[in-house]
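# An overview of the molecular structure
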2 protein chains.
Amino acid sequence: MRLTNFTDYTLRALIYLGLHQNEDRLVTIGDIATAYGISENHLMKIVHHLGKQGFIETTRGKGGGMKLALAPEQINLGDIVRGTEEDLAIVACFQKNGPPCPIESVCVLEGVLGRAMQAFFNEIDGHTLADLLKPRNKLLNAFQTKTA
Amino acid sequence: MRLTNFTDYTLRALIYLGLHQNEDRLVTIGDIATAYGISENHLMKIVHHLGKQGFIETTRGKGGGMKLALAPEQINLGDIVRGTEEDLAIVACFQKNGPPCPIESVCVLEGVLGRAMQAFFNEIDGHTLADLLKPRNKLLNAFQTKTA
């Protein structure tokens, strides 16, 4: 039971962007890739996704880069995860057009797992990016120690 | 975000076994495979796993097969899922020996996702196989309609 790497890296990218929001220069894909040691290729897809969803603004050209389009308090973690997880079908029978199960119409499990997923989202829906940025100085130090 | 097919099929196998527990003959892998239209090959691994975990008893030879080793009320769904999901690391930084993340030691996200996972399990820990068997007649009918 895992979130996709796409979700994981999206959340990490948002943390980095939130920490560097009010600096003189915009954040680049290279900055985030170096900070976490992850591939620029993956990050390009993530930046495209975050732009499309309205969470970040990007500027092309020299001095270009990206920044958050909303205040961290306005970026709900549940919304992020629902946007990045293509497959929220916890088991096959939750999939639209998935393989048929003979007991689907009378199965109790579907309700139990549905409520479990709801409980999972209730927890993350209670948080925004601002919560993730609270240990601001410690986070900045952790990145600096890594790149030092 | 999905449970593995291994978990899905394990839960389905247990439902079938629970419904056919007090019959004259033992349930075979072929019975379960036919009932759900899933592969015997997958089911063999599941039966091996359930036997090792003490949830079922198997008998070899002519007239052989399997049955639950415990009453359905004693088979907790959370225990089943923890037993079948090899990877409960919701994101990479939860993995032992996973790739290092520079902010791991100060990251708030780990706590949020940890509590979300706990909320997920709190829901399923509140249920046993007996709950899944409650619509007994409807379940038996659904299987009969399928194989009729």
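About the criteria used
Residues numbered from 1 in each chain as written. Chains lettered and ligands numbered in written order. Predicted model: local features only at pLDDT ≥ 70, side-chain atom pairs only at ≥ 80, totals over all residues. Helix = DSSP H or I, 4+ residues; strand = E, 2+ residues; numbered from the N terminus. Contact = placed C-beta atoms within 7 Å. Least-squares fit on C-alpha atoms with pLDDT ≥ 70 in both. Axes fitted to C-alpha atoms, helices over the stretch in contact; angles between N-to-C directions. Parallel < 35°, antiparallel > 145°, perpendicular 65-115°, else oblique. Left-handed = near helix turned anticlockwise from the far one by under 90°. Nonpolar A, V, L, I, M, F, W, Y, C, P; charged D, E, K, R; others polar. pLDDT = per-residue confidence, 0-100. Core = buried A, V, L, I, M, F, W, Y, C linked by C-beta atoms within 7 Å. Buried ≥ 20, exposed ≤ 12 C-beta atoms within 10 Å, placed from the backbone. Arc of directions from axis to C-beta. Expected span 1.5 Å × (residues − 1). Pairing = 2+ DSSP bridges.

What follows is about the overall build of chain A. Along its length, chain A carries seven helices and two strands. Along chain A, helices and strands appear, N-terminal first, in the series α-α-α-β-β-α-α-α-α. Its C-alpha atoms put chain A at 60 × 30 × 25 Å along the principal axes. Looking at chain A alone, contacts between residues at least 24 apart form 63% of all its contacts between residues at least 6 apart.

Put simply, the second copy of the chain is the first one after a rotation about an axis and a shift along it. Once chain B has been moved 0.0 Å along the axis and rotated by 180 degrees, it coincides with chain A to within an RMSD of 0.0 Å. The superposition operator between the copies reduces to a two-fold rotation axis. Interface overlap between copies is the fraction of interface residues in one copy that are interface residues in the other; for chain B against chain A it reaches 100%, indicating a shared surface.

Before going further, it helps to examine the packing of helix α2 (residues 29-36) of chain B against helix α3 (residues 40-52) of chain B. Residues and elements named next belong to chain B. Closest axis-to-axis distance for the α2/α3 pair is 9 Å, and the angle between their directions is 125 degrees. If you check the angle between α2 and α3, you find them oblique. Read as a crossing pair, α2 and α3 show a hand that is right-handed. Here I29, G30, I32 and A33 of α2 lie close against α3, whose contacting residues are E40, L43, M44 and V47. Here the contact of α2 with α3 is composed, by residue class, of six nonpolar, one polar and one charged.

Below, the discussion takes up the packing of helix α1 (residues 5-19) of chain B against helix α4 (residues 77-84) of chain B. Residue and element names in this part refer to chain B. Contact geometry for α1 and α4: axes closest at 9 Å, N-to-C directions at 140 degrees. Looking at the two axes, α1 sits oblique to α4. Remark: the crossing between α1 and α4 carries right-handed chirality. The residues of α4 that touch α1, namely those facing F6, T7, T10, L11 and L14, are I80, V81 and T84. Its residues assigned to classes, the contact of α1 with α4 shows five nonpolar, three polar and no charged.

Do not read the predicted coordinates in detail wherever pLDDT is low. Mean pLDDT over chain A stands at 91; residues scoring 70 or higher make up 97%. By mean pLDDT, the top-scoring element of chain A is helix α6 (residues 129-132) of chain A (98), and the lowest-scoring one is helix α7 (residues 136-147) of chain A (87).

Contact with chain B, which involves 41 residues of that partner, is made by 41 residues of chain A. Mapped by element, the contributors of at least two residues to the side of chain B that touches chain A are α1, α2, α5 (109-125), α6 (129-132) and α7 (136-147) of chain B. With nine residues, the top contributor of residues to the side of chain B that touches chain A is α5 of chain B. In terms of residue class, the side of chain B that touches chain A is built from 27 nonpolar, four polar and 10 charged.

Of all hydrophobic cores here, the largest spans 75 residues; its most connected members are A13, L14 and L43 of chain A together with A13, L14 and L43 of chain B. Sequence-distant contacts of L14 of chain A, defined by excluding residues within four places in its chain, comprise I75, I80 and L129 of chain A.

Tracing the backbone shows A35 of chain A in helix α2 (residues 29-36). Looking at A35 of chain A, the number of C-beta atoms within 10 Å reads 22, which means it is buried.

All names here are of chain A. The set of residues buried in α2 consists of I32, A35 and Y36. Projected onto a plane normal to the axis of α2, the buried residues spread over an arc of 80 degrees and lie on a single side. Where α2 terminates, the next one or two residues include G37, which has phi positive at roughly 65 degrees.

This brings us to the environment of A130 of chain B. Residue and element names in this part refer to chain B. When you line up the elements, A130 lands in helix α6. According to the C-beta neighbour criterion, A130 is partly exposed, with 14 such atoms within 10 Å. Here the alpha-carbon distance between A130 and A71, two residues 59 residues apart in the chain, equals 8.1 Å. Not counting chain neighbours up to four residues away, the residues in contact with A130 comprise P72 and E73.

Turning to helix α5 (residues 109-125) of chain A, a few remarks are in order. The terminal C-alpha atoms of α5 of chain A lie 24 Å apart, and with 17 residues this matches the ideal 24 Å at 1.5 Å per residue to within 8%. Those residues of α5 of chain A not exposed but buried are L109, L113, A116, F120, E123 and I124 of chain A. Each buried residue of α5 of chain A lies within a common arc of 100 degrees when the element is viewed along its axis, so the set occupies one face. Opposite the buried face of α5 of chain A, at more than 90 degrees from it, the exposed residues are G111 and N122 of chain A. For α5 of chain A, the elements touching its buried residues are α4 (77-84) of chain A together with α1, α5 and α6 of chain B.

Our focus in this paragraph is the pairing of strand β2 (residues 65-68) of chain A. Residues and elements named next belong to chain A. Two elements, strand β1 (residues 56-59) and β2, share four bridges in a ladder whose sense is antiparallel. Across the sheet, residue T59 finds its bridge partner in β2, namely G65. Between β1 and β2, which pair antiparallel one after the other, the connecting turn spans five residues, and G61 there sits at a positive phi close to 85 degrees.

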